[in-house]
Amino acid sequence: MGANIDQADFSHSQDKDRTKERMKNIFTCWDEIMNEVRGKEIFLFTDYDGTLTKIVRNPKLAILGSRTRKILEKLLATGRFHLAVISGRSIEEIKNFVSFPHTVYAGFHGCQIEQDGIKQQRKAPFSYQKGLIKIKNKLSAWVRHSEYLRLENKGDMLALHYRRAPLNCEEAIRTRFLSTIKKSLSHDSVSILFGKKVFEIRPKGCDKGWAVKTILTRTLRGKRKTLSIFYLGDDMTDEDAFQFLSAKGITVLVGHRSSKASYFIPNQGEVYFFLKKLYAAISLKNKFNMRG
Ligand SMILES: [Mg+2]
């Protein structure tokens, strides 16, 4: 479950989704996981909304809770813990909520990365950008006449939010959204994300799996470091990272549904207890090091 620069294999696994029954509750497997991570530094990749914080009606109010903030600060202070926050929001937006030292940020589901002060943006092909302009115009016209919809411009991505729409309108919104895209972009250049009350359009290949791969490659470059990698996420957009890490990391779904993750944390409120247990394990290790 660890990754070493010499052993790293970044090819995608063909794992199928695990059903709810096949996924294990991480708390009931804790000893087994701690055996795997013993002696290694930890790299935690985590999503933000719905993972570190509860999903809220107004995304601007998704503030990180003080106890979660404190436990992350304590983990970072051990010197044996690395953190990357990977979100569908922009990096600027996510840093308004989470701003820790020595932390990596990935925004727009991995299309932009900020690591060691270096910013990287994955550019979409011209044909995609051209098609996206057409779609943006069509969706803007639709949203202007709807009280339920909100269009978010994310550079090479677009997000159509329908959190305020009544349940019985969702299928009609989905159908119209898909037909709008079909007319302007070919399926081999675009990837559609069906998130929680949001549809997102992004260039193919630009996802959280790509972000994790890029961040790990840079972290491990030139170092003979062995890391224990954890990935926490609640959304469908986290599945690309679960798949990429399937043989290399401890993948944890927040919530309980079919997923490529190996483990689950039953609900967002228990993420704090996961972080607390991780801190207890790392600080115990530090004590042994001091004695040794
Ligand atoms: Mg999320």
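Residues numbered from 1 in each chain as written. Predicted model: local features only at pLDDT ≥ 70, side-chain atom pairs only at ≥ 80, totals over all residues.

Caption draft 1: Structural context of the overall build of the chain. For the chain, the helix and strand inventory stands at 8 helices and 14 strands. Over its C-alpha atoms the chain spans a radius of gyration of 20 Å, differing by no more than 12% from the 19 Å that the globule rule assigns to 292 residues. Principal-axis analysis of the C-alpha atoms places the extent of the chain at approximately 65 × 40 × 35 Å. Here the chain holds 292 residues, and 35% of them are scored as buried. (Helix = DSSP H or I, 4+ residues; strand = E, 2+ residues; numbered from the N terminus. Rg over C-alpha atoms; globule rule 2.2 N^0.38 Å. Buried ≥ 20, exposed ≤ 12 C-beta atoms within 10 Å, placed from the backbone.)

Caption draft 2: Region of interest: the confidence of the model for the chain. Put simply, the chain has an average pLDDT of 87, and 91% of its residues get 70 or more. Ignoring residues within four places in sequence, the model shows residues 1-14, a span with pLDDT below 50, making 25 contacts including any to other chains. (pLDDT = per-residue confidence, 0-100. Contact = placed C-beta atoms within 7 Å.)

Caption draft 3: View of unusual backbone geometry. One non-glycine residue, His102, lies in positive phi territory at about 55°. Even without being a glycine, Asp116 presents a positive backbone phi close to 50°.

Caption draft 4: Molecular detail of the environment of Lys20. Along the chain, Lys20 falls in the loop between strand 1 (2-4) and strand 2 (24-25). For Lys20, a count of 12 C-beta atoms within 10 Å corresponds to the exposed category. Ignoring any residue separated from it by four or fewer positions in sequence, one finds Lys20 in contact with His256, Arg257 and Ser258.

Caption draft 5: Fine view of the packing of helix 4 (residues 126-144) against helix 5 (residues 170-184). The geometry of helix 4 relative to helix 5 is characterised by a closest axis approach of 9 Å and an angle of 145° between their N-to-C directions. By crossing handedness, the relation of helix 4 to helix 5 is classed as right-handed. In contact with Gly131, Lys134, Ile135, Lys138 and Leu139 of helix 4, helix 5 contributes Thr180, Ile181 and Ser184. Of the residues assigned to the contact of helix 4 with helix 5, the class counts are 3 nonpolar, 3 polar and 2 charged. (Axes fitted to C-alpha atoms, helices over the stretch in contact; angles between N-to-C directions. Left-handed = near helix turned anticlockwise from the far one by under 90°. Nonpolar A, V, L, I, M, F, W, Y, C, P; charged D, E, K, R; others polar.)

Caption draft 6: Here's a closer look at the domain arrangement of the chain. Domain boundaries in the chain define domain 1 (2-122 + 206-291) and domain 2 (126-203). Taking the mean C-alpha position of each, domain 1 and domain 2 sit 28 Å from one another. Counting from both sides, the interface comprises 12 residues of domain 1 and, opposite them, 12 residues of domain 2. Here the residues of the side of domain 1 that touches domain 2 sort into 5 nonpolar, 5 polar and 2 charged. (Domains from an automatic or database assignment.)

Caption draft 7: Representation of the sheet that holds strand 10 (residues 190-195) in the model. Strand order across the open sheet formed by 4 strands is 8-9-11-10, with antiparallel pairing between neighbours. Bordering the open sheet on either side are strand 8 (150-154) and strand 10, each of which pairs with just one other strand. The mean angle between the axes of side-by-side strands here comes to 15°, regardless of whether they run parallel or antiparallel. Across 6 bridges, strand 10 lies against strand 11 (residues 198-203) in antiparallel orientation. Within strand 11, the residue paired with Phe194 across the bridge is Phe199. On top of the sheet, helix 4 reaches strand 8, strand 9 (157-161), strand 10 and strand 11; it is set at about 20° to strand 9, its chief contact. (Pairing = 2+ DSSP bridges.)

Caption draft 8: The pairing of strand 13 (residues 250-254), seen in detail. When you tally the buried positions in strand 13, you get 5 out of 5 residues, the bulk of the element. Side chains of strand 13 alternate between two faces, with Ile250, Val252 and Val254 and Thr251 and Leu253 buried alike. Strand direction decides the pairing type here: strand 12 (residues 226-233) and strand 13, joined by 4 bridges, are parallel. Residue pairing in the sheet places Gly233 in a bridge with Leu253 of strand 13. As a crossover connection, the stretch from strand 12 through helix 7 (residues 239-244) into strand 13 is right-handed. By the bridge criterion, 3 bridges tie strand 13 to strand 14 (residues 263-265) in an arrangement that is parallel. Residue pairing for strand 14: Val254 is matched across the bridge by Ile265. (Right-handed = clockwise from strand over helix to strand, strands pointing away.)

Caption draft 9: Quick look at the environment of Gly269. Structurally, Gly269 can be placed in the loop between strand 14 and helix 8 (271-291). Between the C-alpha atom of Gly269 and that of Val254, which follows or precedes it by 15 residues, the distance is 9.4 Å.

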